[in-house]
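Each chain, written out:
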Amino acid sequence: MKRIVVINGPNLNMLGIREPGIYGTLSLKDIEDKIRRQAEELGVSIAFYQSNHEGDIIDRIHAAMGEDDGIMLNAGAFTHYSYAIRDAINAVKVPTVEVHLSNIHAREAFRHHSVIAAETIGQIAGFGEVSYELGLLALVRHLDKQT
Ligand code: DQA
């Protein structure tokens, strides 16, 4: 069974409370519950991790090496400036999908660029919690093709 880890970065523990007009009213736990059900349907095993700390996120990405077959990552604001997270994805070579609740390309200029995107299979942004559903499906399909 394929193993996937969903990593959420800073402030995503505040989902449901933080700017609901942009990020929706579901909590991170609500989203994780949905993803857990979807993972069962897709027949993959799923783990969840959230941290507000760049180094901890990097440590979790490193831990994915040999542990997880794929990573779904919402790095929050680190998306836009963390070369260290980008390098971690490159180092472990675990296929990674980048997801965002909001359409980062339609927001403030500093959000338009992801320094992580070039190290990922692809990016899904703008569909609220559905971005995670689409991300999981895309990641599982990608892994299926590889084996
Ligand atoms: C986000 C977009 C980022 O720009 C922002 O800093 C976040 C959330 C999203 O899911 O839309 O924290 O990654």
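See the structure printed just above.
Summarised in this report is the structure supplied together with it. (Residues numbered from 1 in each chain as written. Predicted model: local features only at pLDDT ≥ 70, side-chain atom pairs only at ≥ 80, totals over all residues. Heavy atoms only, no water.)

1. Examining the packing of aromatic side chains
Then, in step 1: One pass over the structure, following the stated rule, counts 1 aromatic pair.
Then, in step 2: When the centroid spacing of 5.8 Å and the interplanar angle of 65° are considered together, the rings of Phe 78 and Tyr 81 count as edge-to-face.
Then, in step 3: Residue classification places Phe 78 among the buried residues on the basis of a relative accessible area of 8%. (Phe/Tyr/Trp six-rings, centres within 6.5 Å; stacked < 30°, edge-to-face > 60°. Buried < 20%, exposed > 50% of the residue type's maximum accessible area, 1.4 Å probe, protein only.)

2. Structural notes on the environment of Leu 137
Then, in step 1: For Leu 137, the position within the fold is in helix α6 (residues 130-146).
Then, in step 2: In the structure, Leu 137 is positioned 95 residues away from Leu 42 in sequence and 8.1 Å away in space, judged by C-alpha atoms.
Then, in step 3: Discounting residues that sit within four places of it in the chain, Leu 137 has contacts with Gln 38 and Leu 42. (Helix = DSSP H or I, 4+ residues; strand = E, 2+ residues; numbered from the N terminus. Contact = heavy atoms within 4.5 Å.)

3. Quick notes on the site of the ligand
Then, in step 1: Close to the ligand lie Arg 18, Tyr 23, Asn 74, Gly 76, Ala 77, His 80, His 100, Leu 101, Ser 102, Ile 104 and Arg 111.
Then, in step 2: Here an oxygen atom of the ligand and a side-chain polar atom of Asn 74 are 2.8 Å apart.
Then, in step 3: Between the ligand and His 100 there is a distance of 2.8 Å, counted from an oxygen atom to a side-chain nitrogen or oxygen.
Then, in step 4: Its residues assigned to classes, the shell around the ligand shows 4 nonpolar, 5 polar and 2 charged. (Near = heavy atom within 4 Å. Polar contact = N/O pair within 3.5 Å; in protein donor to acceptor, adjacent residues only side chain to side chain. Nonpolar A, V, L, I, M, F, W, Y, C, P; charged D, E, K, R; others polar.)

4. So, unusual backbone geometry
Note: most peptide bonds trans; most residues except glycine with negative phi.
Then, in step 1: Backbone geometry places Glu 19, a non-glycine residue, at a positive phi of 35°.
Then, in step 2: Mapping Glu 19 onto the fold places it in the loop between β1 (3-8) and α1 (20-23).
Then, in step 3: With a phi angle near 60°, Lys 93 is a residue other than glycine that sits in the positive phi range.
Then, in step 4: Tracing the backbone shows Lys 93 in the loop between α4 (83-92) and β4 (96-100).

5. Observations concerning a nonpolar patch on the surface
Then, in step 1: Together, Phe 127, Val 130 and Leu 134 give the surface a local cluster of nonpolar side chains, amounting to about 250 Å² of exposed area.
Then, in step 2: In this structure, Leu 134 sits in helix α6. (Patch = residues over 30% accessible without salt bridge, like charges linked within 9 Å, V, L, I, M, F, W, Y side chains within 5 Å. Areas by Shrake-Rupley, 256 points an atom, 1.4 Å probe, with all protein chains shown as cover. Salt bridge = Lys/Arg side-chain N within 4 Å of Asp/Glu carboxyl O.)

6. Comments concerning helix α2 (residues 28-42)
Then, in step 1: Its 15 residues place the ends of α2 21 Å apart at the C-alpha level, agreeing with the 21 Å of an ideal helix rising 1.5 Å per residue.
Then, in step 2: Turning to α2, its buried residues number three or more, namely Leu 28, Ile 31, Glu 32, Ile 35, Gln 38 and Ala 39. Taken around the axis of α2, the buried residues stretch over an arc of 125°, which confines them to a single face. In α2, the exposed positions that point more than 90 degrees away from the buried face belong to Lys 29, Arg 37, Glu 40 and Glu 41.
Then, in step 3: Those residues of α2 that are buried lie in contact with β1, β2 (45-50) and α6. (Expected span 1.5 Å × (residues − 1). Arc of directions from axis to C-beta.)

7. Considerations on the pairing of strand β3 (residues 70-74)
Then, in step 1: In terms of residue burial, β3 counts as a mostly covered element, since 5 of its 5 residues are buried.
Then, in step 2: Alternating positions in β3 separate into two faces, Gly 70, Met 72 and Asn 74 on one and Ile 71 and Leu 73 on the other, with burial throughout.
Then, in step 3: Two elements, β3 and β4, share 3 bridges in a ladder whose sense is parallel. Residue Leu 73 lies in a different strand from β4, and its bridge partner there is Glu 98. (Pairing = 2+ DSSP bridges.)

8. Notes on the sheet that holds β2
Then, in step 1: Read across the sheet, 5 strands follow the order β2-β1-β3-β4-β5 without closing on themselves; strand pairing throughout is parallel. Every interior strand has two partners, whereas the edge strands, β2 and β5 (122-125), have only one. Each adjacent strand pair in this sheet contributes to an overall mean axis angle of 20°, direction not counted. (Axes fitted to C-alpha atoms, helices over the stretch in contact; angles between N-to-C directions.)

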